[in-house]
Amino acid sequence: MHHPSVIAIDGPAGAGKSTLGALLAARLGYLYFDTGVMYRALTYVAMEAGLDLADQAAIEDLAARVRIEVAPPDHDDGRQYVVRADGVDVTSALREPRVERNVSIVARYPGVRRELVRQQQEIGRRGRVVMVGRDIGTVVMPEAELKIFLETSLLERARRRAGEQRGLPNPPPVEQVREDLARRDGLDEHVLRPADDALILRTDGLTPEDEVAWIMQQLARRG
Ligand code: DC
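Residues numbered from 1 in each chain as written. Predicted model: local features only at pLDDT ≥ 70, side-chain atom pairs only at ≥ 80, totals over all residues. Heavy atoms only, no water.

Examining the packing of helix α7 (residues 154-164) against helix α8 (residues 174-188)
Stage number 1. It is the contact of α7 with α8, at a shortest axis distance of 8 Å, that shows an interaxial angle of 120°. If you check the angle between α7 and α8, you find them oblique. Relative to α8, α7 is oriented so that their crossing is right-handed. Every residue of α8 that contacts α7 at L154, L155, R157, A158, R159, R161 and A162 is listed here: V174, V177, R178, L181, A182, R184 and D185.
Stage number 2. Per-class residue counts for the contact of α7 with α8 are eight nonpolar, no polar and six charged. (Axes fitted to C-alpha atoms, helices over the stretch in contact; angles between N-to-C directions. Helix = DSSP H or I, 4+ residues; strand = E, 2+ residues; numbered from the N terminus. Parallel < 35°, antiparallel > 145°, perpendicular 65-115°, else oblique. Left-handed = near helix turned anticlockwise from the far one by under 90°. Contact = heavy atoms within 4.5 Å. Nonpolar A, V, L, I, M, F, W, Y, C, P; charged D, E, K, R; others polar.)

Description of empty space enclosed by the protein
Unoccupied space between atoms shows up once a probe the size of one water molecule is rolled over them.
Stage number 1. According to the stated counting rule, one finds two cavities of 30 Å³ or more in the structure shown.
Stage number 2. If you add up the space inside the largest cavity, you get close to 40 Å³.
Stage number 3. Of all the secondary structure elements, the ones that give two or more residues to the lining of the largest cavity are β2 (31-34) and β3 (68-71).
Stage number 4. Of all the elements, β2 adds the most residues to the lining of the largest cavity, at three residues.
Stage number 5. Residue composition of the lining of the largest cavity, by class: eight nonpolar, one polar and no charged.
Stage number 6. In this structure, the second largest cavity spans a volume of roughly 30 Å³.
Stage number 7. Residue lining of the second largest cavity: D10, G137, K147, I148, F149, R193, P194, A195 and A198, and that is the complete set.
Stage number 8. Broken down by element, the residue count for the lining of the second largest cavity peaks at three residues, all from strand β7 (residues 146-151).
Stage number 9. Considered class by class, the residues forming the lining of the second largest cavity number five nonpolar, one polar and three charged. (1 Å grid on protein atoms, 1.4 Å probe; cavity = no way out; pocket = protein on both sides within 12 Å on 5 of 7 lines; lining within 4 Å. Points joined across faces, edges and corners; volume = space filled by probe spheres on them.)

Fair warning: the whole summary comes from geometry, so function is off the table for now.
Written out as structure tokens, the structure reads:
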């Protein structure tokens, strides 16, 4: 079976892109690259540096200066990757609520997108990679041979997210998770659309294993 060098997976927050991307990459022996972590790392570094996130010029300038690396984990501690900013491991900070709240402000700045897209393209062009994000099929890797766009209803995404958080000390109610996701949908809308040649995968009711099986079928069909 011929496998494409780059597989792009795009879709809204909470659609299960990361779980699917990591599983598919492991199955194919490819690198798993979640591009959202670069926007998160930049947001974290900006906040740690005390920058005003509303200061577009300062944030764009930072994006051009800071070196963000995404690498496979150096030891087996359950992480899917290690993210370093100027050599410092920032992986565990990337899911902090303050990063979550502010990342979409940073991700809107054109200078930030230009710089991070350029870096993502460098990694993508090395090949054998599953890239996950919002604009991989349309902007970052429009040449990707296989593009998947996940569509999942807001309610299903909220249920899954709430399920993941159930073990935490103060799990938010599904309704709250649903509102947060709807807000993020609005903020991400500017980049989120399927490429003309993307395959749409509707994931309501599917497990990640089902989704991988579906993608493997598409690959087999292409020969
Ligand atoms: O996928 P995520 O939740 O980690 O994404 C974090 C933020 O970065 C979110 O606001 C969308 C944005 N993002 C983007 O604009 N383009 C990408 N390729 C990936 C993420």
